[in-house]
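# A closer look at the structure
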Amino acid sequence: MSEGTWEPNRTPRADRPSTVRRTSFLGERRTDRRFRWILTSYLIVTAVIISYTAGAIADQRGSALIINIAARQRALAERYVKDVVLVTDGIQADPLDDAEQLLTNAHALLVGGDVIAVHGADAEVVIPPGSDDPAVIAKLEQEQKLIERLTEIGHDVMQLDASDPMFDDKLLDLRVAGALVTSVSNDAVGKMTQDAEAAFSRLVLIGIALGIIGAIAAITMGVLMRRAGTQRASQFRSLVHNASDLITVVDASGIIKYQSPSSEQLVGIGPDRLVGSYLRDLVLPDDREYFDALLVNGQAGSGAVLTGEFRVRHADGSSRYVDTIVSNLTADATVGGLVFNTRDMTDRRMLEEQLEHRAFFDSLTGLPNRAVFRDRLDHAIARSARDSDVLVVLLLDLDRFKFVNDSLGHDAGDELLVAVGGRIQDCSRSSDTVARLGGDEFAILIEDAASEEAAVALAERLLEALTSPFEVRGREVFIGASIGVALHTGESGQPDELIRNADTAMYAAKGAGKGRWVVFQPAMHQRTLEFFEVQADLQRALVRGEFVLHYQPIVDLANGKLQGVEALVRWRHPTQGLVMPGGFIPVAEETGMIVPLGVWVLGEACRQAREWRDRYPETSAMSMSVNLSMRQLLEPDLVPRVAEVLAESHLEHGQLILEITEGSLLQDVGETAEKLSALKDLGARLALDDFGTGSSSLGHLRHFPIDVLKIDKSFVDGLGDEGSDASALVRAIIELARTLHLTTVGEGIESAEQLTELRLAGCDLGQGYLFARPLARDGLEKMLRTGYVFLPSALEAPSRFP
Amino acid sequence: MRRIRKKSRALLTAGAVLFSLFGCTGHPPAPPGPVLEVKVKDFKIEPSLPTIENGLVTLRVHNEGPATHEFVLIRSDLPADELPIAADGLSVDEDRVVPLGELTEVEAGASDALTVALTRGRYVLFCNLEGHYLTGMYASIEVIDDV
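Residues numbered from 1 in each chain as written. Chains lettered and ligands numbered in written order. Predicted model: local features only at pLDDT ≥ 70, side-chain atom pairs only at ≥ 80, totals over all residues.

### Section: the overall build of chain A
Keep this limit in mind: Secondary structure follows DSSP: runs of H or I at least 4 residues long count as helices, runs of E at least 2 residues long count as strands, and numbering of each begins at the N terminus. Residue burial here comes from a neighbour count, namely the number of other C-beta atoms, placed from the backbone, that lie within 10 Å of the residue's own C-beta, with 20 or more meaning buried, 12 or fewer meaning exposed, and in between meaning partly exposed. In this description, a residue-residue contact is defined by the distance between C-beta atoms placed from the backbone, which must lie within 7 Å.
When you go through chain A residue by residue, the secondary structure sums to 27 helices and 23 strands. Going through the 802 residues of chain A one by one, you find that 35% of them count as buried. Taking the intrachain contacts of chain A between residues at least 6 apart in sequence as the baseline, contacts between residues at least 24 apart amount to 65%.

### Examining the interface of chain A and chain B
Quick note on the threshold: Each residue gets one label: Ala, Val, Leu, Ile, Met, Phe, Trp, Tyr, Cys and Pro are nonpolar, Asp, Glu, Lys and Arg are charged, and the others, such as Gly, are polar.
Between chain A and chain B, the residue contacts involve 13 residues of the former and 15 residues of the latter. When residues of the side of chain A that touches chain B are assigned to their parent elements, the largest contribution, nine residues, is made by helix α5 (residues 167–242) of chain A. Residue composition of the side of chain A that touches chain B, by class: seven nonpolar, three polar and three charged.

### Things to note about the packing of helix α19 (residues 638–649) of chain A against helix α21 (residues 669–681) of chain A
All names here are of chain A. As a reminder of what qualifies: Axis angles are defined between N-to-C directions and span 0 to 180 degrees, where every axis is a line fitted to C-alpha atoms and, for a helix, only to the segment in contact. What sets the label is the angle itself: under 35 degrees gives roughly parallel, over 145 gives roughly antiparallel, 65 to 115 gives roughly perpendicular, and the rest give oblique. In this scheme, a crossing is called left-handed if the near helix is turned counterclockwise away from the far one by less than a right angle; it is called right-handed if the turn is clockwise.
Viewed as axis vectors pointing N to C, α19 and α21 meet at an angle of 10°, and their least axial separation amounts to 10 Å. Compared by their axis directions, α19 and α21 come out roughly parallel. Seen from above, α19 lies across α21 with right-handed handedness. Packed against α19, whose contacting residues are Leu 638, Val 639 and Val 642, the element α21 presents Lys 675, Ala 678 and Leu 679 at the interface. Residues of the contact of α19 with α21, tallied by class, amount to five nonpolar, no polar and one charged.

### Details of the pairing of strand β7 (residues 337–344) of chain A
Residue and element names in this part refer to chain A. The cut-off we apply is this: Any two strands with at least two DSSP bridges between them are considered paired.
With eight of eight residues buried, β7 lies mostly within the body of the structure. Bridge count between strand β3 (residues 246–250) and β7: five bridges; the pairing is antiparallel. When the sheet's bridge partners are listed, Val 249 is paired in β7 with Val 339. Of the strand pairs in this sheet, strand β6 (residues 319–329) and β7 are connected by eight bridges, and their pairing is antiparallel. Bridge pairing in β7 links Ser 327 to Val 339.

### Focus: the sheet that holds strand β1 (residues 35–41) of chain B
Strands pair in a sheet through their backbones, by hydrogen bonds, and they do so in one of two ways: parallel or antiparallel. Residues and elements named next belong to chain B. Judged by pairing direction, the sheet is mixed, and its four strands sit side by side in the order β2-β1-β4-β7 without closing on themselves. Whereas interior strands pair on both sides, the edge strands pair on one side only; in this sheet they are β2 (44–47) and β7 (111–118). Across this sheet, the average inter-strand angle for adjacent strands is 25°, counted without regard to direction. With four bridges joining them, β1 and β2 adopt antiparallel strand pairing. Bridge pairing in β2 places Val 38 opposite Pro 47.

### Looking at the sheet that holds strand β3 (residues 51–53) of chain B
All names here are of chain B. The mixed open sheet is built from five strands, whose spatial order is β3-β9-β8-β5-β6. Two strands bound the open sheet, and with one partner strand each, they are β3 and β6 (98–106). Ignoring which end each strand starts from, the neighbouring axes of this sheet average 25° apart. Here β3 runs beside strand β9 (residues 138–144); their pairing, made up of three bridges, is parallel. The partner of Thr 51 across the bridge, within β9, is Glu 142.

Any functional reading would require information beyond the geometric quantities listed.
Put into structure tokens, the structure is as follows:
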């Protein structure tokens, strides 16, 4: 990505906002729990105190009333005796009313109920039983009996005449009975008062205890709150101090008000020297305009958050790529400025650029690769349709290269290829595109060829240049080349067709005896015809069931156990025998046959996985990887198809892994992401196949829900070679995958050295000839039956795994 | 007259207290002389025996309730139901009898003891709360010489 192309308002990256939003610390959560506990206890204690006090006060009031009523019984009994005497003396009184009150109250004191009061204040009240103390109850029962006896005697006395000889005796009985009621009533009241006093003392004691508990809870809570406040502040300080992210607070004009210590690492300048200076001064001049926009936009609204990427200058003169999250905390009194949360992205950007270069340029010759060539050809054809230019494609295949390679070794071959690339470039103009398509095949695109003659002239120059001897490893090496020339003259035509035509012409040149050029003629349609033949064959093969699946084991590099298999399609051709995918997949891709073929592969692989799971339950965790072509991914009914297959086979969640290439992801990013998410929702996992060979933008890994990263064989091939940058790249890729929580699979492992390097780099899984070639069903079943463990000896090499 | 009675009563009480303290230093106080169990209830007093030997006699009073009662011991040759009554007409006139010992308040369900030196003669036990004596809370015992 070059400067100036970044948008200040880009959506924050999925892996970043955490630094902004996540503010909960473990300790804080623990303190919060303790707070809740203390607060709850405090509230419970308070509630208990209040309800207990309220209840006790009500009880006390109730018992005061009851004691009052009980105490009145004595006065009532005395009044009754007096009233009876008055009545016998002929003076008006109402002992019957006294008697009724005495009896009613005695009954109510025992079992509860209405009481008749002597004085008006609490007349006609209902009371509960006077006591639950058995001693008091016994006294009250005694009192009730005595009152009954008293009123009986009173009744008798009132029946007698004062002159009756029995009268005096009866009157004495009455007074004695009255005295007994008085005495027993006093006794009962005394006991009731004693009980009430004891209850009150208990209330006071419990009240004091509850008060103390409440006070302890309140003090504990205060202490905890204070401690948590201090802890939170120190946690924040320590977080900011120890963060590798750079945290900068600037005022409205961009002057640094606070700078975290990590500035020492990122820009080589300590916080002391940065505070008071302009943050802008750290930004590279080319990015300053962009930074200014970020500063202005960052202040747009209080609380706004936006992200940006730019470069800063390190004190040692180097520059660093950073991305930043800008939060407007101007309104927050404790911050009072814009907060830049900045992270060093340099390593990631370097890796991205390296991978990008690898993806577009041939690592050996530095020439554009097939993808770039194809891209430029697409654009050129589109332009030529408008401008009616003559487009020429030259395909150049070296003669005798294999001989050099075989006799002098690969290194010599590589050296030769570099030299050939140089000579081809020398012959071409800077406006031409020279690419290495692979092996010893080169291509040249001329976008503004004046005529066929000009193209032929170039072909001649090339042949001449390549016929001159090369010096490789101190020897003179003679090779030559065959060149196919295909012209595109502004009429409609496909890029593939143009390349195919050049290819056809090139083969014609080889067929004609090498060391020459041939311009494509429509008559050279033989290969095209072959193509159609293959297409028809493919259709028949699908109907006749000539396709079979082979399964390449995917091995857990930590323990050598079989972790899964990748299903690979083979064509059991009736006459040609077993045909490898290279022999029919390109045609199937081109003709669209890949779609029905892909459906068959998916269905068969899932069926087989299910069968194995049923038959060998101990391998139930074994994954089944199935390749999904770009064409398949574009099919509108892909998701329902996969859903159908999964429903039929009842595979475990995550057992099916769909492998897609990076190229597939570039088609229609929005729709593709949606489809991939839908596939994941169905329970499939997603693997990015041949990682590192496509466009290699690491953005894919973030934007798509990928689970597994398969490191392309071309990286693995370079492992163990001295002077190769493959090790560093593989390590960087695995490290990156780990930060994104992706499982890594090394593809095409062929040697123990490669295995060792992958294991040391922390690669999770691997596949390749070192472990096993793709196996027919029976071959794999044998492994499943025996619980085969791969290459124990290779795995004994020192590794980072325990 | 009243002053004298009070004085003698105080002395008697002090003596009883001293005795009980003396006897209380050990575990269960082993009464030094003969023991008379006395049951008190509403409204009766029932000694376990009508006679007892002279000497340092302990009267162990058990109130079976439900009311609280008083326990008074006097020496009197009068029949138990003919003690002089006070002016209120409801209790024994204690100025006209000679109390030898008294338990002022025996709670219902509680027991208490009174230890006094008794010589040969007739004694009356009663509760002197108003009305209690007149209701029948009295009993007499006889102290006899050692056999």
